[in-house]
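Observations on the three-dimensional arrangement
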Amino acid sequence: MRDPRYDILFQPMQIGPVTAKNRFYQVPHCNGGGYRDPSAAAAMRGIKAEGGWGVIFTEQCEMHHTSEITPFIELRLWEDKDIPQLAKMAERMKTHGALAGIQLAYSGINGPNLYTKEVPLAPSAMPIRTFTNDPVQARALDKSDIRDLRRWFVNAAKRSRLAGFDLICLYGAHGFGIFQHFLSRATNQRTDEYGGSLENRARFVNEVIADMRDAVGDTMALTLRVSLDESIGELGFSNAEVREFIEMNRDLPDLWDLAHGTWEDCSGPSRFKDESAQEDLVWGIRDLTSRPVVGVGRFTSADTMVRMIKSGTLDFIGCARPSIADPFLPKKIEEGRIEDIRECIGCNICITGDMTMSISRCTQNPTFMEEWRKGWHPEKMNAKGDSQSVLIVGSGPAGLEAARALSLRGYEVAIAEARTELGGRVARERKLPGLSAWGRVVEYRQYQISQRPNVETYFDSHLDAEAILEFGFQNICIATGARWRADGVARQHVVPMAMDGSVPVYTPDDIMEGRKPSGRVVIFDDDHYYMGGVMAELLRGEGCEVTIITPSAYLSDWTLNTLEQHTIHRRLAGMGVNIVLNRGVSAIAGGHVVSTCVYTDGEQSHGCDAVVVVTSRREENGLYLDLKGRETDWADAGIRSVRIIGDANAPGPIAWATYAGHRYARELDEPDRGDALPFRREITELAAD
Ligand code: ADP
Ligand code: SF4
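Fair warning: this is a prediction, and the values are worked out from it, not measured in the lab.

About the thresholds
Residues numbered from 1 in each chain as written. Chains lettered and ligands numbered in written order. Predicted model: local features only at pLDDT ≥ 70, side-chain atom pairs only at ≥ 80, totals over all residues. Heavy atoms only, no water. Helix = DSSP H or I, 4+ residues; strand = E, 2+ residues; numbered from the N terminus. Buried < 20%, exposed > 50% of the residue type's maximum accessible area, 1.4 Å probe, protein only. Contact = heavy atoms within 4.5 Å. Areas by Shrake-Rupley, 256 points an atom, 1.4 Å probe, with all protein chains shown as cover. Lys, Arg positive; Asp, Glu negative; His and termini not counted. Charge placed at Lys NZ, Arg CZ, Asp CG, Glu CD. UniProt positions renumbered as here; feature names shortened; annotations may be inferred. Near = heavy atom within 4 Å. Polar contact = N/O pair within 3.5 Å; in protein donor to acceptor, adjacent residues only side chain to side chain. Nonpolar A, V, L, I, M, F, W, Y, C, P; charged D, E, K, R; others polar. Domains from an automatic or database assignment. Buried area = accessible area lost by both parts, 1.4 Å probe. Salt bridge = Lys/Arg side-chain N within 4 Å of Asp/Glu carboxyl O. Pairing = 2+ DSSP bridges. Axes fitted to C-alpha atoms, helices over the stretch in contact; angles between N-to-C directions. Parallel < 35°, antiparallel > 145°, perpendicular 65-115°, else oblique. Left-handed = near helix turned anticlockwise from the far one by under 90°. Phe/Tyr/Trp six-rings, centres within 6.5 Å; stacked < 30°, edge-to-face > 60°. Arc of directions from axis to C-beta. Core = buried A, V, L, I, M, F, W, Y, C linked by side-chain atoms within 4.5 Å.

1. Thoughts on the overall build of the chain
Counting secondary structure elements, the chain contains 23 helices and 29 strands. Along the first, second and third principal axes, the C-alpha set of the chain runs to 75 × 60 × 60 Å. Among the 689 residues that make up the chain, the fraction classed as buried is 62%. Partitioning the intrachain contacts of the chain with sequence separation of at least 6 by distance along the chain shows that 73% fall at a separation of at least 24. In the structure as shown, the chain presents an accessible area of about 26000 Å², 48% of it carried by carbon and sulfur atoms. Across the chain, the mean location of the 78 positive side-chain charges is 3 Å away from that of the 96 negative side-chain charges.

2. Some details on the UniProt feature "domain: TMADH/DMDH/HD second alpha/beta" (unreviewed entry) in the chain
The sites that carry the UniProt feature "domain: TMADH/DMDH/HD second alpha/beta" (unreviewed entry) are, in the present numbering, residues 507–605. Between the end C-alpha atoms of residues 507–605 the distance is 21 Å, and the span holds 28% helix and 30% strand.

3. Focus: the site of ligand 1
Taken together, 23 residues lie around ligand 1, and A398, E417, R425, L463 and D647 are the ones closest in. One of the side-chain nitrogen or oxygen atoms of E417 is found 2.6 Å away from an oxygen atom of ligand 1. Interatomic distance of 3.1 Å between a backbone N/O atom of A418 and a nitrogen atom of ligand 1. Compared with its free state, where it exposes 580 Å², ligand 1 has 93% of that area covered by protein. Here the residues of the shell around ligand 1 are counted per class, giving 10 nonpolar, nine polar and four charged.

4. A short note on the domain arrangement of the chain
Quoted interface sizes are often the accessible area lost when the parts come together. Domain parsing of the chain yields domain 1 (4–356), domain 2 (389–481 + 620–667) and domain 3 (485–618). When each unit is reduced to the centre of its C-alpha atoms, the spacing between domain 1 and domain 3 is 39 Å. Summed over both sides, the interface of domain 1 with domain 3 buries roughly 1100 Å², with 62% coming from carbon and sulfur. Its largest share of buried area at the contact with domain 3, domain 1 owes to E264, R271 and F272, together 51% of the area lost on that side. One can count one salt bridge joining domain 1 with domain 3. For E537, the salt bridge goes to R271, with nearest N and O atoms at 3.3 Å. Where the side of domain 1 that touches domain 3 is concerned, the elements lending two or more residues are helix 8 (263–266) and helix 13 (349–355).

5. Topic: unusual backbone geometry
In this model, T70 is joined to P71 through a cis peptide bond whose omega is 15°. For H96, which is not glycine, the phi torsion reads 65° and is therefore positive. Among the secondary structure elements, H96 is positioned in the loop between helix 2 (83–93) and strand 6 (99–105). The phi angle at D460 is positive, at roughly 55°, despite the residue not being glycine.

6. Details of the site of ligand 2
Taken together, 14 residues lie near ligand 2, and C344, C347, N348, C350 and C362 sit nearest. For the shell around ligand 2, the secondary-structure elements that each account for two or more residues are helix 11 (321–325) and helix 13. Of the residues forming the shell around ligand 2, the biggest block, three residues, is contributed by helix 11. Of the residues belonging to the shell around ligand 2, the class tally is eight nonpolar, four polar and two charged.

7. Digging into the sheet that holds strand 23 (residues 578–580)
A sheet is described by the order of its strands in space; here five strands give the open sequence 20-27-21-22-23, paired in parallel fashion. Each edge of the open sheet carries a strand with a single partner, namely strand 20 (505–506) and strand 23. Bridge analysis of strand 22 (residues 545–549) against strand 23 gives three bridges, and the strand direction is parallel. Pairing of I549 across the sheet is with V580, part of strand 23.

8. Structural notes on the packing of helix 14 (residues 397–409) against helix 23 (residues 654–667)
Axis separation between helix 14 and helix 23 bottoms out at 7 Å; the angle between their running directions is 30°. Judged by the inter-axis angle, helix 14 sits roughly parallel to helix 23. Helix-helix and strand crossings are classified by hand; for helix 14 and helix 23 the assignment is right-handed. Only I654, A657, T658, G661, H662, Y664, A665, R666 and E667 of helix 23 make contact with helix 14, whose side of the interface consists of P397, A398, E401, A402, R404, A405, L406 and R409.

9. Quick notes on the packing of aromatic side chains
Evaluation of the coordinates by the stated rule reveals 22 aromatic pairs. Between the aromatic rings of F153 and F179, the centroid separation amounts to 5.2 Å while the plane-to-plane angle is 50°, which identifies the pairing as tilted. Taken together, the residues span a long stretch of sequence, with F153 in helix 3 (residues 143–163) and F179 in helix 4 (residues 178–183) at a distance of 26 residues. Look at F153 and you get buried, because its relative accessible area is 0%. Here F179 falls in the buried class, since its relative accessible area comes to 1%. Each ring, one from F179 and one from F204, has its centre 5.6 Å from the other, and the planes form 25°; the classification is stacked. One end of the pair, F179, is in helix 4; the other, F204, is in helix 6 (residues 203–216), with 25 residues separating them in the sequence. Accessibility classification places F179 together with F204 in one group, the buried group. Site record: aromatic cluster; members linked through ring pairs are F72, F131, Y171, F176 and W263.

10. Concerning the side chain of N249
Tracing the backbone shows N249 in the loop between helix 7 (239–248) and strand 11 (255–259). If near-sequence neighbours (up to four positions away) are discounted, N249 is found in contact with A202, N206 and W256.

11. Some thoughts on helix 16 (residues 440–450)
The complete set of buried residues in helix 16 reads V441, V442, Y444, R445, Q448 and I449. End-on view of helix 16: buried residues confined to an arc of 165°, all on one side of the axis. Here the buried face of helix 16 lies against helix 14, strand 15 (412–416), helix 15 (425–429), strand 16 (455–458) and helix 23.

12. Focus on the sheet that holds strand 15
Strand order across the open sheet formed by five strands is 16-15-14-17-29, with parallel pairing between neighbours. Bordering the open sheet on either side are strand 16 and strand 29 (641–644), each of which pairs with just one other strand. Neighbour to neighbour, the strand axes of the sheet diverge by 15° on average, direction disregarded. Sheet analysis places strand 14 (residues 389–393) next to strand 17 (residues 475–478), joined by four bridges and oriented parallel. Opposite I392, over in strand 17, you have C477 as the bridge partner. In the packing of helix 23 onto the sheet, contacts are made with strand 14, strand 17 and strand 29, and the angle to strand 17 comes to roughly 170°.

13. Brief notes about the nonpolar core
Counting residues in hydrophobic clusters, the biggest one holds 122 residues, and the most contacted among them are L9, F153 and F245. For this core, the element with the highest residue contribution is helix 3, accounting for eight residues. Ranked by size, the runner-up nonpolar core spans 60 residues in total, among them C477, V534, V614 and Y664.

14. Focus: the environment of T70
Here T70 shows up in the loop between strand 4 (55–62) and strand 5 (75–76). As for T70 and A498, which are separated by 428 residues in sequence, their C-alpha atoms are 43 Å apart. Ignoring any residue separated from it by four or fewer positions in sequence, one finds T70 in contact with R76, P112, L114 and Y115.

Quick look at the structure:
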């Protein structure tokens, strides 16, 4: 059972008129589903309730139609018609004794209103500040608009109560909520009683909270999420001013929810931010108020959580990503199963679901957002099917997740790995600069399968079709991964690019395996995720003179979705890497690389001693094809199925591989669904007219 050291985390805590059963506080987080996938989002929150969280919040909920953040998909509470879907979510949150919270957002200067076509309203008239630089400006709220807005907040609060929520979080952080826009001198340049002095800038939030207290404060707790340090220059709401604000308004909300400046700061990936990275900004704030304080910091360690409480830094342990990677984190601490915690790796793949308006995934928890769509539970597997044994070839994230999940179903599992360690690509990538936390993908699964009597691992076992036919396993799962291509094929070059052999060409695999260039190195990045930038960081750190060339307008373009693109560019520029954007590499010849402008076709020459091509990966599917070629021998060999999964099937990010492994394990021996859709989906009900 629970280690007494962690008892403090399980103390009930009062928040205004309500009491949380413990200090585990799932702060609001997006999921890429929102109003489009309400049942999927509700089921995901319900799983957190089962996992032991004391407080569970929705993602941001747009509280009035005059402020919305299309194309991003969050929740909406614009009229009574929206109540049922939110009530479903609140009801799921409240199972197992958790408190249900709703985050009300009025997006002000952050809401372009592309869907409602309303003119955005903000403290001051200025261009909308979004990821997408929409060509839209906001009108400054006049006094009657402010009165309206106060009333809209009260209406939303009453609807939230009707929906069954216990807490309301007013959003004033990450640059996204109007309370921050009023508090910050950057976005509030008013000269009336709502602008100027801090007292004036704090007037709006004081008024709204007073109104809401009158309306619902007897039964609902009101929390305020504020930015710890806006970090947008001199006029921004600084940490010193945040402290002054909290001291001046000690008892304003029932709880202070502290979140670092921009979302990029607050949800920094592990590549750039450690656990508890916001500690310095939070430290001491608790002494300025009599209200409890919650803060985040990608907390996955129970010891760090206890330190946060005992040191008087926080009252509640705020978690978004750690609660996604392991919805059962509190329960595992409570049951003394610390080693079973599936720790978040800080890759921010979950955030890409929101950024791409799809539906979120999690690298560590493939069941995230599939709780309703596919009926997947993060801790429970379906019962075993007819067959008994599975041979998994390859121990990368796909193979390891398949092994873990199949062992829970009760299959006899063997893993054959050609190398001498588990983990496939992760075993190598975790050694790259900033990526060590990614090793948790392997560590979690390695430990889990080590605890199971029905998984055997064989190293140094490079299998071919002949060997597999001899072994006698009933099901064969090919998870043999992929290798980086050396011929430059990706998006710019759809066939191998021109190379005359005058300079050596390396791939990320060469470098991870210790074959490294030196001197002047050109990296051609036509992959656009993290690998090109990581190679530049590694080689520059080892003394190479590095130029990275990409056809994109952004270095490591896709990392805009993982909220780290700016940090990557800043890091590499600071290290002295020469960053060449909007140019493709057209040829490698005569001891140099020729780059071509993607707009003008203008050519440039870059002298170099070596080239690294980070373009695309080729699936290692030879073994699978060999086995397929011998399908007539399967029955004699006792083989019932052969499947290929993960990067060997089609290369993708690590999260795609863990998902593929999990799916394989779930579906083995299950009836073939034919042409039926493999997940549940919600469709908007057609209007009668
Ligand atoms: P994924 O991301 O799909 O899990 P990885 O590339 O991470 O794929 O892992 C694939 C693993 O499979 C590597 O560790 C590799 O050594 C192993 N492997 C590849 N081919 C064979 C084979 N024929 N027999 C055994 N192991 C193999
Ligand atoms: Fe953590 Fe990555 Fe999962 Fe997000 S996707 S919760 S960052 S492991």
